[in-house]
Amino acid sequence: MSFNPQYRFSRQSHHFGQRHERTLWQHIHIDPWLTILLLLICCIGLTILYSASTQDVGMVLRQAVSYGVAFTVMFIMAQVPPSLYRTLTPVFYVMGLILLVLVEIIGEVRMGAQRWINLPGFGSVQPSEFMKLGMPMMCAWFLSKRDLPPSFSSILITLGIIIVPVILIAKEPDLGTSLLVAASGLFVLFLAGLSWRLISAAAILAVPLIAIAWNFLLHDYQRTRVLTLLNPEADVQGAGWNIIQSKTAIGSGGLSGKGYLEGTQSQLHFLPEGHTDFIIAAFSEEFGLFGVILLMLIYACLLIRALYIALTQPDIYSRLLAGAIAMSFFVYVFVNVGMVGGILPVVGVPLPFVSYGGTAIVTLMGGFGLLMSIHTHKSE
C-alpha cells in the first residue's frame, strides 16, 4: 500500500475482528524498532562527532547530554494519547505564532539573525523549532475535520495556515527552517488527497513566484548561495570554499575511507562546520562510500518504519500527522546530504541526530515521540 492520490488517507478504518494482547512495549508506549534505529544513529553521531570536532571530549559530552534530554522528551511525549494532542493543537499553533511575533519585536540578534527569544525560566529558545511540529499538527487537525480530498476552500485555508508562520520565520532570516516548516505543512496537504492536477498547476505557478522571490525577497547572501551552487569555483577563497572543501573530503574518502580519525580535511580544519552542517563530509572522508551507504540504509529503515506506522492508523488525524512527520524527516536528510554533496544550495540544515546541536535533536526526537504515541495508543 502506498501514498497515492487515490488512497492518500481515506476515512476508512481497518477492523480485524479480534483483540490482540498488548506487549510490554505498548504498555510503556515505546516502539522498539524506532528506538533501536534512533539509538544506533545517535551512537554513530557521537563517534563521528569525536573525530569531526578534533577529539573535543567536552563537545561530545554536551551532545550526549542533548541525546539524553531528547530521549526523555520522546518518552514523555509518547505517553500522551493522540486525542490530547488533537485537542491542544490549535493552542500549540497559536502560541507558536505569538512567539514568532515576539521574536520580531524583542528577539535576540546573533550573527546577523533575529531568531531567539529569552523566556523567564526557559532561557533562550528558538520558536521556529516549535513550528516544525506545530505546523503538521495544525494542518492535520484542520483537514481531519473536513471531507477529503480537500475542497478548494479547504486548500486555501490550509495554505494560509502554512504561509503565515513561514513568512515570519523567513524574515528572521532563516530560509532553511522556513522551507522545512513549509514542507511539513505541504506534506499534510499532499497526503490528504491533493489532486495531481492541482499539484501540476502549483508547480507552474511556482516559476514566476520564484522569480519574484529572487528579485525582491531573498537577501544578497542567499542569492550568493544559489549562484555558488552553480559555480563554486567562481569564488574559491570565499563563497565557494565550503562546498569545494566538502566535495574534496567526500571524494578523498573513496570506497572505504581513510580510517577513523584519519580524515585530513576535518582534522586539519579545512572543512568548515565539519561538526555541524557538513558532518556527513567528515564521515564520508573517514568511512568512505560504504560507510555512507550504511548510514543511509539506517535512515531508510527509520523512514520505512515511520511510514508503516502512518499507514496503519485508524483515524485521519493520526495518519496525516504521522505521514507528514515521516516525510519531513526524509526532507531533513535529503537537504543536508544534497547541500553537502553540491546538488542543493547551502541552507543550514543539520543532519538528523548526527550534527552537533541540541535544539534540532530535541525537536526531531519529539516528532518520533508523537509517532510512538500515535502507534501505541491506537489499540487502547
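Structure: above.
About the criteria used
- Residues numbered from 1 in each chain as written.
- Predicted model: local features only at pLDDT ≥ 70, side-chain atom pairs only at ≥ 80, totals over all residues.
- Heavy atoms only, no water.
- Helix = DSSP H or I, 4+ residues; strand = E, 2+ residues; numbered from the N terminus.
- Buried < 20%, exposed > 50% of the residue type's maximum accessible area, 1.4 Å probe, protein only.
- Contact = heavy atoms within 4.5 Å.
- Areas by Shrake-Rupley, 256 points an atom, 1.4 Å probe, with all protein chains shown as cover.
- Lys, Arg positive; Asp, Glu negative; His and termini not counted.
- Charge placed at Lys NZ, Arg CZ, Asp CG, Glu CD.
- Axes fitted to C-alpha atoms, helices over the stretch in contact; angles between N-to-C directions.
- Parallel < 35°, antiparallel > 145°, perpendicular 65-115°, else oblique.
- Left-handed = near helix turned anticlockwise from the far one by under 90°.
- Nonpolar A, V, L, I, M, F, W, Y, C, P; charged D, E, K, R; others polar.
- Core = buried A, V, L, I, M, F, W, Y, C linked by side-chain atoms within 4.5 Å.
- Salt bridge = Lys/Arg side-chain N within 4 Å of Asp/Glu carboxyl O.

Participant: Any details on the overall build of the protein chain? Residues and values, ideally.
Facilitator: When helices and strands are counted, the protein chain shows 14 helices and three strands. Along the first, second and third principal axes, the C-alpha atoms of the protein chain reach 60 × 50 × 45 Å. Of all 380 residues assigned to the protein chain, the portion counted as buried reaches 48%. Look at the contacts in the protein chain between residues 6 or more apart in sequence, and 73% of them connect residues 24 or more apart. When the accessible surface of the protein chain is summed, it comes to about 18,100 Å², and 70% of that surface belongs to carbon and sulfur atoms. Measuring between centres, the 20 positive side-chain charges of the protein chain sit 12 Å from its 19 negative side-chain charges.

Participant: Could you give an account of the packing of helix α2 (residues 32-52) against helix α14 (residues 358-376), with specific residues and numbers?
Facilitator: Interhelical geometry of α2 versus α14 gives an angle of 165° and a closest axis separation of 11 Å. Put simply, α2 runs roughly antiparallel to α14. As α2 packs across α14, the resulting crossing turns out to be right-handed. Here L34, T35, L38 and C42 of α2 come into contact with α14, specifically with M365, F368, L371 and M372. The residue inventory of the contact of α2 with α14, partitioned by class, reads seven nonpolar, one polar and no charged.

Participant: With reference to specific residues and values, describe the nonpolar core.
Facilitator: Grouped together as the largest cluster of nonpolar side chains are 91 residues, with contacts concentrated most on L38 and F353. Sorting elements by how many residues they give to this core places helix α13 (residues 316-340) first, with 16 residues. With sequence-adjacent residues up to four places away left out, F353 is seen in contact with L38, I41, C42, G45, Y67, F329, I361, L364, M365 and F368.

Participant: So what's going on with the pattern of salt bridges? Residues and values would help.
Facilitator: Counted by the stated rule, this structure contains six salt bridges. Salt-bridge contacts for K171 lead to E104; the nearest nitrogen and oxygen are separated by 3.9 Å. Of this pair, K171 sits in the loop between α6 (152-170) and α7 (175-191) while E104 sits in helix α4 (residues 82-106); the two residues are 67 residues apart in sequence, bridging distant segments of the chain. For K171, a relative accessible area of 53% translates into the label exposed. E104 sits in the partly exposed class, given a relative accessible area of 30%.

No statement about biological role is implied by the geometric values presented.
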